[in-house]
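One-letter residues, chain by chain:
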Amino acid sequence: MHVTPRTEEQQRISKEFAFPGDAESLASSRQAMMDFLTPYFSNEAQEIDFFLTLQEALANAVFHGCQNDPSKTIQCRIEIDPSAVVITIRDPGPGFDPYGATQATEEGTNLTTYGRGIFLMRSLMDEVNYLHRGTELHLRKLRAASA
Amino acid sequence: MGLAGVNLCGLTNGNGIQLRKKRMLRVDIHALPQAATLRCTGRIVLGMESETLRCMAESRSEASLILDLSEVHTMDAAGLGLLAELHCMALRRNQALRIVRASRPVCELMALTSLHAVLDVSDCEEAELDGDRKGSCFAGRYMTA
């Protein structure tokens, strides 16, 4: 029996999520995304990388994008192909300056409670980009590099 | 000689079946007249875990407050922020706050965010910090439980 090799397009899978924008929903939102991602992790290190990254990304969307308001919605999308995992997280907030938000941490002068989340995400992911004035976050992690 | 403990693990359903095996946070307090040691086990992340540790630390009036983080396997930005907050609180209250025996992942995170230069940290597991962490999966060393 001849088996046709699957194209990269056929190997690409994706899923969309919509979560309430409040802190009470944060853990279950993160877990829903982790449940989808977990079968594609090749080791526990990847799992923890994504756990922490989703924790920071969703916390920012909840507290800064939605002002902890459950009537607001956080839109997420996960795309997985053989080369990378791409996660998009969109919130309805006014946006912010992602570069100014991490300046104190990068300079080693941050003694406040906040301002370390984006810095951590940049350490854990291969690409972290904010679009649309900071309301849309794109995360990319190469699968081969992290296997 | 733990005098008090808060355990946030072991959520169960109606039939008593454990739903979540990984420990969230346990804090054991060892209190002496001049010093209190808060021994943390589990993870210090945004939410109930951070709030619990904050409340327990704020409630201590001893001259010296010691955070033993040897059994903390995961910490997020909120957990790091809490360490900074407790450091500032201790300065205001003329307390000495010391972080002891921090696990490797906690040491790495404190070094990464330069908190180790500000906090009083001792007996830290040696962190293997290199210049380029990207894609290195350094968080893979987080999980011990």
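1. Let's talk about the pattern of salt bridges
Piece 1. Scanning the model with the defined rule gives 14 salt bridges over all chains in all.
Piece 2. When the shortest N-O distance is used, the salt bridge between R77 of chain A and E79 of chain A registers 3.6 Å.
Piece 3. Judged by relative accessible area, which is 27%, R77 of chain A ranks as partly exposed.
Piece 4. Since its relative accessible area comes to 25%, E79 of chain A is described here as partly exposed.
Piece 5. For E85 of chain B, the salt bridge goes to R54 of chain B, with nearest N and O atoms at 2.8 Å. Linking E85 of chain B in helix α2 (residues 77-92) with R54 of chain B in helix α1 (residues 48-58), this pair joins segments that are 31 residues apart in sequence.
Piece 6. What you see here is one network of salt bridges that share partners, running through R39, D68, E71 and R101 of chain B.

2. Some remarks on the packing of helix α1 (residues 26-37) of chain A against helix α2 (residues 44-65) of chain A
All names here are of chain A.
Piece 1. Between α1 and α2, whose axes approach to 10 Å, the crossing angle comes to 140 degrees. For the pair α1 and α2, the sense of crossing is right-handed. Listed contacts from α2 to L26, S29, R30, M33, M34 and L37 of α1 are E47, F50, F51, L54, Q55, L58, A59, V62 and F63.
Piece 2. Residues that form the contact of α1 with α2 fall into these classes: 11 nonpolar, two polar and two charged.

Here is what the cut-offs are and how they apply
- Residues numbered from 1 in each chain as written.
- Chains lettered and ligands numbered in written order.
- Predicted model: local features only at pLDDT ≥ 70, side-chain atom pairs only at ≥ 80, totals over all residues.
- Heavy atoms only, no water.
- Salt bridge = Lys/Arg side-chain N within 4 Å of Asp/Glu carboxyl O.
- Buried < 20%, exposed > 50% of the residue type's maximum accessible area, 1.4 Å probe, protein only.
- Helix = DSSP H or I, 4+ residues; strand = E, 2+ residues; numbered from the N terminus.
- Axes fitted to C-alpha atoms, helices over the stretch in contact; angles between N-to-C directions.
- Left-handed = near helix turned anticlockwise from the far one by under 90°.
- Contact = heavy atoms within 4.5 Å.
- Nonpolar A, V, L, I, M, F, W, Y, C, P; charged D, E, K, R; others polar.

Distances and angles like these do not, on their own, reveal function.
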